[in-house]
Amino acid sequence: MVKISEFQIKDVVNVSDGKRLGNIGDIEINLTTGKIEAVVITGSGRVLGFFGKDEDIVIPWRNIIKVGQDVILVRYKGIEEKIAEETEV
């Protein structure tokens, strides 16, 4: 069993490109079933005069490949990859 506090300190890594996406900031839970539906990686704050916040990344639970001791491996397609796929078709 994993505690939420332990879950949140693990790095989330995208297996498609090996890129670190961040850390889990929130979890979406289905209140009817009690199951985790998705994890949310909160966008980092911007600095040096750029105000606002990056978009949150929502990863459905079915896209989590492995929860390891230090990292969580996920399958995630960013907006750039989705656009590239659409233009190739």
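Above this text you will find the structure in question.
Below is a summary of the structure that appears in this document. (Residues numbered from 1 in each chain as written. Predicted model: local features only at pLDDT ≥ 70, side-chain atom pairs only at ≥ 80, totals over all residues. Heavy atoms only, no water.)

This next bit is on the overall build of the protein chain. For the protein chain, the count of helices and strands is two helices and six strands. Listing every helix and strand of the protein chain by position from the N terminus yields α-β-β-β-β-β-β-α. Per-residue burial for the protein chain yields a buried fraction of 22% across its 89 residues. Taken as a whole, the protein chain presents about 6800 Å² of accessible surface, with 54% of it coming from carbon and sulfur. (Helix = DSSP H or I, 4+ residues; strand = E, 2+ residues; numbered from the N terminus. Buried < 20%, exposed > 50% of the residue type's maximum accessible area, 1.4 Å probe, protein only. Areas by Shrake-Rupley, 256 points an atom, 1.4 Å probe, with all protein chains shown as cover.)

A few words on the pairing of strand β6 (residues 71-74). Of the two faces of β6, the one holding I72 and V74 is buried and the one holding V71 and L73 is not buried anywhere. Across four bridges, strand β1 (residues 11-14) lies against β6 in parallel orientation. Pairing of D11 across the sheet is with V71, part of β6. Of the strand pairs in this sheet, strand β5 (residues 64-67) and β6 are connected by three bridges, and their pairing is antiparallel. The residue bridging I64 from the neighbouring strand is V74, located in β6. Counting the residues that bridge the hairpin from β5 to β6 gives three residues. (Pairing = 2+ DSSP bridges.)

What follows is about the pattern of salt bridges. Tallied over the full model, the rule gives one salt bridge. We note a salt bridge from R20 to D11, for which the minimum N-O separation is 3.1 Å. (Salt bridge = Lys/Arg side-chain N within 4 Å of Asp/Glu carboxyl O.)

Looking now at the packing of aromatic side chains. Going through the model one piece at a time under the given rule, you end up with one aromatic pair. Ring geometry for F7 versus W61: centroids 6.2 Å apart, planes at 35°, classification tilted. One end of the pair, F7, is in helix α1 (residues 4-8); the other, W61, is in the loop between β4 (57-60) and β5, and 54 residues separate them in sequence. A residue is classified by how much of its surface remains accessible, and W61, at 35% relative accessible area, is partly exposed. (Phe/Tyr/Trp six-rings, centres within 6.5 Å; stacked < 30°, edge-to-face > 60°.)

The next thing to look at is the environment of D17. Tracing the sequence through the fold places D17 in the loop between β1 and β2 (20-29). Here the side chain of D17 touches K19 through a polar contact of 3.0 Å, landing on its backbone nitrogen. (Polar contact = N/O pair within 3.5 Å; in protein donor to acceptor, adjacent residues only side chain to side chain.)

Our focus in this paragraph is the side chain of N14. Positionally, N14 belongs in strand β1. Filtering out sequence-adjacent residues up to four positions away, N14 remains in contact with K19, L21, V74, R75 and Y76. (Contact = heavy atoms within 4.5 Å.)

Membership of the largest hydrophobic core is limited to 12 residues, which are F7, V12, L21, I24, I27, V39, I41, I57, I59, I64, I72 and V74. Taken together, the elements giving at least two residues each to this core come down to β2, β3 (36-41), β4 and β6. Looking at this core, the element that brings in the most residues is β2, giving three residues. (Core = buried A, V, L, I, M, F, W, Y, C linked by side-chain atoms within 4.5 Å.)

Purely geometric stuff here, so don't read any function into it on its own.
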